[in-house]
Amino acid sequence: GSLRDKAEELRRRVEDRIRFLQDLGAGFVFRTEIKPPAPPRVQDKAGVIGPLEAAVRSCTLCPLSAGRTNAVPGEGSYDAPLMFVGEGPGADEDRLGRPFVGRAGQLLTKIIAAMQFTREEVYITNIVKCRPPENRTPFRSEAEACQPYLLTQIRTIAPRVIVSLGKTATDFFVPSTAGMSDLRGTFQDFGGIKVMPTFHPSYVMRNEGDPRIKRLVWEDMKQVMAFLGKK
Ligand code: URA
């Protein structure tokens, strides 16, 4: 019918428009693709990550720096085969300057142990290194200001697998309008490094009444373990 034709025509015009804006590099339509890191070349990892952590602690690249008690660069092994990336520090992390040490952190610590790793053997960090006010989702501008730190951490540590916790972290590696239910559970590629998106531990805790969510996280982590040779 003619109504369907009109709808189809409109859809095609909107698609053309979006493609045009994307071609112009309009990050306000869809997040512009982040260039994956070059292959690892770094020999002296501590010589890179040490100064990076110091730089993060005194960083003023975005307005989040004004509201922090402590910046939270990340922690763990500089040779970690496995990296976890969350969204940003919460109140406990801001107070202590360490990632994932609050309630969500305790759950993440249990997950890491269940995967037969210790926190010291993996590397744990976030998209933004300073706490957003009221724990709101970081703005894209804040994530972009902080992005060089995470890219350098990834390039230097060169883990075999990155687990992206929740939508904000997953957006960094695989920008998409899809939700976590669709994105979780399938390995993605980020410049030759495998990325496994899974639900954020805070989301698991908010849905404690629905054991299916925890089970899905565990399925995702078992895939990571299998890839890393843990059984
Ligand atoms: N939630 C996060 O995303 N990161 C932390 O470090 C703590 C809680």
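The coordinates are above.
Being a predicted model, the structure only gives us computed values, none of them experimental. (Residues numbered from 1 in each chain as written. Predicted model: local features only at pLDDT ≥ 70, side-chain atom pairs only at ≥ 80, totals over all residues. Heavy atoms only, no water.)

J.: Hey, could you run me through the sheet that holds strand E6 (residues 193-198) in this one?
T.: Either a parallel or an antiparallel arrangement is found when strands of a sheet pair, and the pairing is made through backbone hydrogen bonds. With mixed pairing, the six strands of this open sheet are ordered in space as E1-E3-E2-E4-E6-E5. Each of the sheet's edge strands pairs with one partner strand only, and the pair in question is strand E1 (75-76) and strand E5 (188-190). Bridge count between strand E4 (residues 161-165) and E6: five bridges; the pairing is parallel. Residue pairing across strands places Val-163 opposite Met-196, the latter belonging to E6. (Pairing = 2+ DSSP bridges. Helix = DSSP H or I, 4+ residues; strand = E, 2+ residues; numbered from the N terminus.)

J.: So what exactly am I meant to see when it comes to the pairing of E6 here?
T.: Remark: a regular strand shows side chains that alternate across the two faces of the sheet. The element E6 is extensively covered by neighbouring structure, given that five of its six residues are classed as buried. In terms of strand pairing, E5 meets E6 through three bridges, oriented antiparallel. Looking at the pairing, Phe-190 lines up with Ile-193 of E6. Hairpin connection between E5 and E6: a loop of two residues separates the two successive antiparallel strands, and Gly-191 in this loop has a positive phi of roughly 60 degrees. (Buried < 20%, exposed > 50% of the residue type's maximum accessible area, 1.4 Å probe, protein only.)

J.: How should I be thinking about helix H5 (residues 140-157) in this particular structure?
T.: It helps to recall that an α-helix has 3.6 residues per turn; residues three or four apart then point in one direction. If you check H5, its first and last C-alpha atoms are 25 Å apart, about what 18 residues at 1.5 Å a residue would give, namely 26 Å. Along H5, the sharpest kink reaches roughly 45 degrees, centred on Cys-146 and followed within four residues by the proline Pro-148. The buried count for H5 comes to 13 of 18 residues, which makes it a mostly enclosed element. A positive backbone phi angle near 50 degrees is found at Ala-158, which sits one or two residues after H5. (Expected span 1.5 Å × (residues − 1). Bend = angle between axes of the 7 residues up to and from the residue.)

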